[in-house]
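# Coordinate analysis (summary)
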Amino acid sequence: MVRLTLPPPRRQKFWSRYRMLAVGLGIVGFWVLVALFAPLLSPYAPNVPDMSARLAMPSLQHLLGTDEYGRDLLTRIFFGARLSVFIAVASTLAAIAVGVPIGIYAGYRAGLAGEALMRVMDVFLAFPSLVLALAIGAAIGPGLTGELLAITLVSVPTFARQAYAGTVATKHLPFVESARATGAGVGRLIGRHLLPNMFGPLLVISTLNLGFAVLTGASLSFIGLGVPLPTAEWGSMVSDGSQYLVSGQWWMSLFPGLAIMTIVFAFNLVGDGLRDLADPRMRRSRSLSDAV
Amino acid sequence: MMVPVILGVFVVAFLLARVIPANPALMVVGLQSTAAEVHAEELALGLNLPLWLQMWHFLLAALHGNFGLSIVTGQPVLTDLAQRFPATVELTVASVVIAVAVALPLGILSALYKDSWIDWLAHVISLTGVSMPLFWLGLLLIMVFYSALHLVPAPLGDLGVLYAQPPPITHILVLDALLEGRWAVFWSSLRHLILPALALSTGTISVLMRMLRASMLDVLRHDYIRTARAKGASAWHVYMVHTLRNALVPVVTIFGLQLGYLLGGAVLVETVFNWPGVGSYVTSAILASDYAPVEVFALLSAVLYSVINLCVDVVNAAIDPRITYF
Amino acid sequence: MLKKALRGTVGSLAAVAALLLGSVSAPAATQAASTPLVIAYPGSPRTLDTWLAYDLTSDAMILNVYDQLITYAQVKVGKQTQGTLNAYAPMLATHWTSNADHTVYTFYLRHNAKFSNGDPVTAADVVWTYQKGMKATGNLSFLATEGAIKSVAAVNPYEVKITLSHPDSMFLSIIAMYPFSILDAKVAAKASGTYWNSHELGSGPYELQSLDPASQAVFVRNPHYWGPKPHYAKVILKFITDASVRQQLVESGGVQVALALSPLALQTLARSPLVTEHTNLSEDIVFFGMNEQDPPFNNELVRQALSYAVPYSTLIHQVELNQASAMDSSVPIGMPDHTGAGWNYSYNLTKAKALLAQAGHAKGFTFTFTLDASQPDWVQDATLLQASFAKLGVTMKIAQVSDSEYQTLLNAHKMQAYIEQWDSFVNDPGYHLGFLLAGGMATNAANYSNPTVNKLLTQAEFDPNTAQRTRLYQRIQTIINQQAPFLDLYQYKWTVVTYQGVSGYVFYPDQLLRFWAFK
């Protein structure tokens, strides 16, 4: 006889975690492939107007319809994937490259300079992330540079904090102390002991940050701080389409937004899954509370 | 702790405003002005001074509540913001109300029925909520409930065009209409409020639900719950009184963090719905390269955010005496 | 100052004769409408300061609250009554005279004019307004210089004498413009700083009852107004940035008048039986400017080649959805002395290629185009031009900048190519070309400079002979049109939409609504 209050079998839970991770990885993989092979996937060019096919409904010729220049929407979504994936990866890598050294330095050399650096990170964290990204984007002006810089700067403090916490937590652990005692250099200490120990958490927040970056980038370009014409970008495609929403051309906004949602959803799924695998108790993340 | 951060926030906001490539003096005097007029305005605005001195002037002026003029409206930025702030408060509070109403039952249920289909569904809902671009969700809602079903009025601000604003008591439109018994105005403003509030609430729903679930699971594991059950307290009593109260501590914390999210989200949602709050004001300022409003908005949100988080700590300390921050 | 602001007035040749036409202006209203007239405007007023205002909303809000010395008359064009900028009607001045060489004008003020606070309007107010305004930065001083105003003096409380530095054909049309609104000297002298940004006090048909820049402005009749009572007791301006929302509102009768609608909205509305579209050709032109100081655009063959690569009819029919009209000169159709001579361009890629080869760019070239993305149709124009130029091997890189950065670059003459709009403040080809294409002008962002054109422009400006001036301006246009300093994309139409039951709309080429005209 089975008691009703018994927790479900562990095996089943384990699989559902994996399943979510797999689904997430699958969607991310799909978009990465689309981004890589965009030119091969469609007979249309993303940026060549065809005014005779203006604002066409989804049909067999244009599976997702066309925009106000008669450009094929599906093609533009494919090409938009390139940009979104690029922005997500580039800004996250840049944020890691800046944030992690800051955090490790501040954590390892608990001096005035390190302290000051972390206070600067606090200043950036004091701004709501999208507000800060908008302010930076507006100051620099529309374009890829501004967009990347805004997203990167907003993401840096998260990585710095994580690296800082990881460093402080590990640097007094016995094995680190003993490595230091046996005369390991700082570089070796960081490379061999500190970094591997924080790899898991960093991987998790990096994945979540990918989703955050896509959303922030889309929001910036929706407001009008995106990349120059005629580049296909999901956020600005939604924005362009919004002008035609009331007049009945719903597809122009719907599909690019759906693309944004699926890729962010997938990144979050992967991030969640990785987090559960890495450390079931590490729950809170900035991306969840701050993503837009 | 907070003062240096806020000072830092000032510096960041000031420096951002100086990055902008447009010449503010030219914007003030207009394009047909002569070089001499532009130069005179540059002097008047203090643009020739060293950067640190300009920063000092900015700080002094800010302490006196003078944040400069908006190029678009020609009014002091603070006046503009004050005028639009109640609408944003209304929208934000409404979205939190919706969020609590949805997240509370879902969070509790998914904790109690952990790993069941309800839990799974709640998880997917919460993931979807944080994965959707807010501006797109807003457009979708307009498409469905306005363009297709005609259930709500046009996404145009907070009140039907033909209604007069009621005399302000609280400055919160829905509340004022209610207090003064203007039912038509109340109904119209409520119908305008529902979609943007719904759009803005999704992120909060997700986070709130997850936090509630996690902290309830945490509390359920503790011995005193088992003790309470063993002592014969009813299940309902245990869940509602012991569990929920203890689970509320991290949830209050999350509200502090959510404020930042809501302010950012308000920019997008208000833009989509033409909501007359600070968010749409900031968007139009960005598009016009009117930097003063953007700067002040960023500054005030950071300050507000820091203050609210401080309050959250104090509230938490009050709920749970074990927590000390001082 | 340039984009929205420079709207036209005709340098009139027959100002005094216009008196005859002048009496049409204010319509008699017999029945008071109990429901307010609600008008949807695209933006809130940036400033109601009469000297600084220069946007569509502010200008209209000023024009309906204040009086000027004289105003523009109405004429019959076919069956339609419309405003004209080259004939004048009495306003605060019941009549005016000038000396033989038109350098001294005397204006005789009506005795019954009062500001909405009850103060009488006297010569002192006029003199104060003009003198203060001419010393302050703003449109009044700028225009006073254009109109050659030297001094203003009160002869007696109801007589004002204005002296010009030389006879100027633009003088009367200039003082009828809104920056010359007469202020209440007693109040204005005391008010300081930014007070007039959000307040109004005039002697016109309406007074501003309340202003909420975020949503609306409410006007009520000025109880002291000297003229006929306007039909609507209350006029509400709704500030609605989203064009599709303005469309929805006028379609459903939520507002009775809507303007500055997108071409798409107008196309949709044309199908609605409940609304009427009133369309007139404006003098607001859109052109593609090229920096003529540097290669490749210093070569006129290149500019001509690109002129043959503009898909004119696509821009007009597909982007503007017929809310624009083709141009055939850098001077807009409708402006005095306009001619299409020398302008032979059409969409012809073969010709474009040939010209490009002749210019030594057979393989094309690459240039950077700066886009002010605040205008959705320019974004579309740029996208289509980019695609069309690509067929010639010409790569157009688009750099999108914010509005104020664009203005800064425009002012610095630093852009290689750009799209710009121009609506001349004064409706005169000398003014128009003088600002846009005279060598060395601050507003000549294309850096076009042709010594012959420069010489002829100066010659025309000081030529008192009308016929001779016309000949000169037409010669200038022929040269300019051939040299193609701009790609002349199109000229906007101006459409106001009214809901059923509302009539009386009168088109004025300055595109400003006269609320009192509505019935």
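### Notes on the overall build of chain B
- A count of helical and extended segments in chain B gives 13 helices and 0 strands.
- Secondary structure of chain B in N-to-C order comes out as α-α-α-α-α-α-α-α-α-α-α-α-α.
- Counting over 326 residues, chain B shows a buried share of 53%.
- The long-range fraction of contacts in chain B, counting pairs at least 24 apart against all pairs at least 6 apart in sequence, stands at 69%.
- Carbon and sulfur atoms provide 72% of the accessible area of chain B, an area that totals close to 14,100 Å².

### A closer look at the interface of chain C and chain A
- Facing the 18 residues of chain C at the interface are 16 residues of chain A.
- Roughly 1,600 Å² is buried in total at the junction of chain C and chain A, and carbon and sulfur atoms are behind 63% of that figure.
- One can count 3 residue pairs in polar contact (both at pLDDT 80 or more) joining chain C with chain A.
- Mapped by element, the contributors of at least two residues to the side of chain C that touches chain A are α6 (243-252), α9 (312-319), α11 (376-390) and β15 (395-401) of chain C.
- Among the elements that make up the side of chain C that touches chain A, the one with the highest residue count is α11(C) (7 residues).
- By residue class, the composition of the side of chain C that touches chain A is 9 nonpolar, 9 polar and no charged.

### Comments concerning helix α7 (residues 186-223) of chain A
Residue and element names in this part refer to chain A.
- For α7, spanning 38 residues, the distance from its first C-alpha to its last is only 45 Å, which falls clearly below the expected 56 Å at 1.5 Å a residue.
- Of all the bends in α7, the greatest reaches close to 50° and is centred on phenylalanine 199; the proline proline 201 follows between one and four positions later.
- The positive-phi residue at the C-terminal boundary of α7 is glycine 224, with phi of around 110°.

### Focus on the packing of helix α4 (residues 129-140) of chain A against α7(A)
Residue and element names in this part refer to chain A.
- Packing of α4 against α7 leaves a shortest axis separation of 10 Å and a crossing angle of 50°. With respect to α7, the axis of α4 lies oblique. Crossing handedness for the pair α4 and α7: right-handed. Taken together, the residues of α7 that come into contact with α4 (itself represented by Ser129, Leu130, Ala133 and Leu134) are Phe212, Thr216, Ser219, Leu220 and Ile223.
- In terms of residue class, the contact of α4 with α7 is built from 6 nonpolar, 3 polar and no charged.

### Describing the confidence of the model for chain B
- Residue-level pLDDT values for chain B average 82, and 90% of them are 70 or greater.
- Here the predicted complex scores 0.79 on pTM and 0.87 on ipTM.

### Topic: the packing of helix α5 (residues 77-112) of chain B against helix α12 (residues 278-287) of chain B
All names here are of chain B.
- Viewed as axis vectors pointing N to C, α5 and α12 meet at an angle of 135°, and their least axial separation amounts to 7 Å. What the angle tells us is that α5 and α12 run oblique. Residue-level contacts link Val77, Asp80, Leu81, Arg84, Phe85 and Thr88 of α5 to Val278, Gly279 and Tyr281 of α12.

### A word on the sheet that holds strand β5 (residues 104-109) of chain C
Residues and elements named next belong to chain C.
- On the basis of which strands lie adjacent, the open sheet formed by 4 strands has the order β4-β5-β7-β6 and antiparallel pairing. Each of the sheet's edge strands pairs with one partner strand only, and the pair in question is β4 (93-98) and β6 (149-156). Neighbouring strand axes in the sheet, compared pairwise and without regard to direction, differ in orientation by 20° on average.
- Where β5 lies against strand β7 (residues 159-164), 5 bridges are found, and the strand directions are antiparallel. If you follow valine 104 over to β7, its bridge partner there is threonine 163.
- Its contacts with the sheet place helix α2 (residues 123-135) against β5, β6 and β7, and it is angled at close to 160° to β6.

### A short note on the pattern of salt bridges
- Per the counting criterion, the structure on display carries 13 salt bridges over all chains.
- Among the salt bridges present, the one from Glu115(A) reaches Arg119(A), with a minimum N-O distance of 2.5 Å. Placement of both Glu115(A) and Arg119(A) in helix α3 (residues 112-126) is noted, with a separation of 4 residues, approximately one turn of the helix.
- Here Arg210(B) makes a salt bridge to Asp272(A), at a shortest N to O gap of 2.4 Å. Of this pair, Arg210(B) sits in helix α9 (residues 183-220) while Asp272(A) sits in helix α9 (residues 251-278), placing the two residues on different chains. Taken as a pair, Arg210(B) and Asp272(A) share a single burial class, namely buried.

### Here's the deal with the side chain of Ser307(C)
Residues and elements named next belong to chain C.
- With respect to the helices and strands, the residue serine 307 is situated in helix α8 (residues 300-307).
- Residue class for serine 307 comes out buried when judged on its relative accessible area of 1%.
- If near-sequence neighbours (up to four positions away) are discounted, serine 307 is found in contact with Tyr312, Tyr345, Ser346, Ala484, Phe486 and Leu487.

### Some words on the interface of chain B and chain A
- Contact with chain B, which involves 56 residues of that partner, is made by 53 residues of chain A.
- Interface area, chain B with chain A, both sides summed: about 4,600 Å², of which 77% is carbon and sulfur.
- Counting the contacts that link chain B with chain A gives 1 salt bridge.
- Sorting the residues of the side of chain B that touches chain A by element identifies α1 (2-19), α6 (117-131), α7 (134-148), α9, α11 (235-273), α12 and α13 (291-319) of chain B as the ones contributing at least two each.
- For the side of chain B that touches chain A, the element with the most residues is α11(B), which contributes 11 residues.
- Class assignment for the residues of the side of chain B that touches chain A results in 39 nonpolar, 12 polar and 5 charged.

### So, the nonpolar core
- In this structure, Trp234(A), Ile260(A) and Phe135(B) are the most contacted members of the largest nonpolar core, which totals 131 residues.
- With 12 residues, α9(A) is the single largest residue contributor to this core.
- Non-local contacts of Trp234(A), meaning those with residues more than four positions away in its chain, are made with Trp31(A), Arg76(A), Ile77(A), Gly80(A), Ala81(A), Ser84(A), Pro256(A), Ala259(A), Ile260(A) and Ile263(A).

Calculation rules
Residues numbered from 1 in each chain as written. Chains lettered and ligands numbered in written order. Predicted model: local features only at pLDDT ≥ 70, side-chain atom pairs only at ≥ 80, totals over all residues. Heavy atoms only, no water. Helix = DSSP H or I, 4+ residues; strand = E, 2+ residues; numbered from the N terminus. Buried < 20%, exposed > 50% of the residue type's maximum accessible area, 1.4 Å probe, protein only. Contact = heavy atoms within 4.5 Å. Areas by Shrake-Rupley, 256 points an atom, 1.4 Å probe, with all protein chains shown as cover. Buried area = accessible area lost by both parts, 1.4 Å probe. Polar contact = N/O pair within 3.5 Å; in protein donor to acceptor, adjacent residues only side chain to side chain. Nonpolar A, V, L, I, M, F, W, Y, C, P; charged D, E, K, R; others polar. Expected span 1.5 Å × (residues − 1). Bend = angle between axes of the 7 residues up to and from the residue. Axes fitted to C-alpha atoms, helices over the stretch in contact; angles between N-to-C directions. Parallel < 35°, antiparallel > 145°, perpendicular 65-115°, else oblique. Left-handed = near helix turned anticlockwise from the far one by under 90°. pLDDT = per-residue confidence, 0-100. Pairing = 2+ DSSP bridges. Salt bridge = Lys/Arg side-chain N within 4 Å of Asp/Glu carboxyl O. Core = buried A, V, L, I, M, F, W, Y, C linked by side-chain atoms within 4.5 Å.

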